[in-house]
Amino acid sequence: MTNLNSTSQVKIKKIRVGRGIGSGKGKTSGRGVKGQKSRSGVAIKSFEGGQMPLYRRLPKRGFNPLKKEKIAKLNLHKIQDLIEKKKINQDSKIDIEVLKNSKIVNKSFNKIKILGSGDVKTKINLSVDFISKSAKEKLEKVGSTINLKKKK
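Residues numbered from 1 in each chain as written. Predicted model: local features only at pLDDT ≥ 70, side-chain atom pairs only at ≥ 80, totals over all residues. Heavy atoms only, no water.

Student: Just to check I follow, could you spell out the overall build of the protein for this structure?
Tutor: Check the secondary structure of the protein and you find 4 helices and 6 strands. Order of helices (α) and strands (β) in the protein, N terminus to C terminus: α-β-α-β-α-β-β-β-α-β. The globule rule puts the C-alpha radius of gyration for 152 residues at 15 Å, and the 36 Å found for the protein is more than 25% above it. Taken along the three principal axes of its C-alpha coordinates, the protein extends 100 × 45 × 25 Å. Classification of the 152 residues of the protein by burial places 20% in the buried group. A separation threshold of at least 6 residues defines the contact pool for the protein, and within that pool the share at least 24 residues apart is 39%. (Helix = DSSP H or I, 4+ residues; strand = E, 2+ residues; numbered from the N terminus. Rg over C-alpha atoms; globule rule 2.2 N^0.38 Å. Buried < 20%, exposed > 50% of the residue type's maximum accessible area, 1.4 Å probe, protein only. Contact = heavy atoms within 4.5 Å.)

Quick look at the structure:
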């Protein structure tokens, strides 16, 4: 009997399939009988037996970012209507929180952009994330103050 220490290695014979009955891996070479899987060169990777495959069951995600910033867009004529209907106070600072509290903007929005459609007749104090060029010009003409929030 030989003494095995850490330096010596045990050699395990490679199983040679298809070498006769006595080998235990003869005839069908351990592949069973007939069928697609017994043939050579066949790979059935994502096939699930006719069931809808996992990659088709899962929703498409593509290049849509998971944490997309939702930006509320408000036109100048909408702001003017809200001031006339006394939904927002023209003297106070108008920002996303004020608009959310007065239920003008849905709470799922976290940024706001002012667009230039329409006109504003009164001076207002805005604190917004984005503003279009035309809206900025119209608001400056009336004498409104615009505070753009810094990007994080």
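Once you've had a look at it, read on.
Student: Any chance you could explain the side chain of aspartate 95 here in plain terms?
Tutor: Summarising the element assignment, aspartate 95 is placed in the loop between β2 (93–94) and α3 (96–101). No salt bridge is formed by the buried aspartate 95; the nearest opposite charge belongs to lysine 93, separated by 4.7 Å. Side-chain polar atoms of aspartate 95 contact the backbone nitrogen of valine 98, separated by 3.2 Å. (Lys, Arg positive; Asp, Glu negative; His and termini not counted. Salt bridge = Lys/Arg side-chain N within 4 Å of Asp/Glu carboxyl O. Polar contact = N/O pair within 3.5 Å; in protein donor to acceptor, adjacent residues only side chain to side chain.)

Student: Please explain helix α2 (residues 76–84) as it appears in this structure.
Tutor: An α-helical segment advances 3.6 residues per turn. Residues three or four places apart therefore align on the same side. Within α2, the full set of buried residues consists of Leu76, Ile79, Gln80, Leu82 and Ile83. Along the axis of α2, the buried residues cluster in a sector spanning 160 degrees; they form a single face. (Arc of directions from axis to C-beta.)

Student: Would you take a moment to explain the side chain of glutamine 80 for this structure?
Tutor: Tracing the backbone through its elements, the reader meets glutamine 80 in helix α2. Taking relative accessible area as the criterion, glutamine 80 reaches 6% and is therefore assigned buried. Among the polar contacts listed, one links the side chain of glutamine 80 to the backbone nitrogen of lysine 121, at a separation of 2.9 Å. Ignoring any residue separated from it by four or fewer positions in sequence, one finds glutamine 80 in contact with Asp119, Val120, Lys121 and Thr122.

Student: Teacher, can you tell me more about the pattern of salt bridges here?
Tutor: Two side chains of opposite charge can pair, provided their charged atoms sit close to one another. All told, the structure shown has 3 salt bridges when counted by the stated rule. Between arginine 57 and glutamate 48 there is a salt bridge whose closest N-O contact spans 2.8 Å. Here lysine 121 and glutamate 84 are joined by a salt bridge, their closest N and O atoms 3.8 Å apart. Taken together, the residues span a long stretch of sequence, with lysine 121 in the loop between β3 (111–115) and β4 (125–128) and glutamate 84 in helix α2 at a distance of 37 residues.

Student: How should I be thinking about the pairing of β3 in this particular structure?
Tutor: If a strand is regular, its side chains alternate between the two faces of the sheet. Side-chain alternation along β3 places Ile112 and Ile114 on a buried face and Lys111, Lys113 and Leu115 on a face that remains uncovered. In this sheet, β3 lies alongside strand β1 (residues 71–75) in parallel orientation, the contact comprising 5 bridges. From the neighbouring strand, asparagine 75 faces β3, where its bridge partner is leucine 115. For β3 and strand β5 (residues 130–131), the ladder comprises 2 bridges, and the chain directions are parallel. Bridged to lysine 113 within β5 is phenylalanine 130. (Pairing = 2+ DSSP bridges.)

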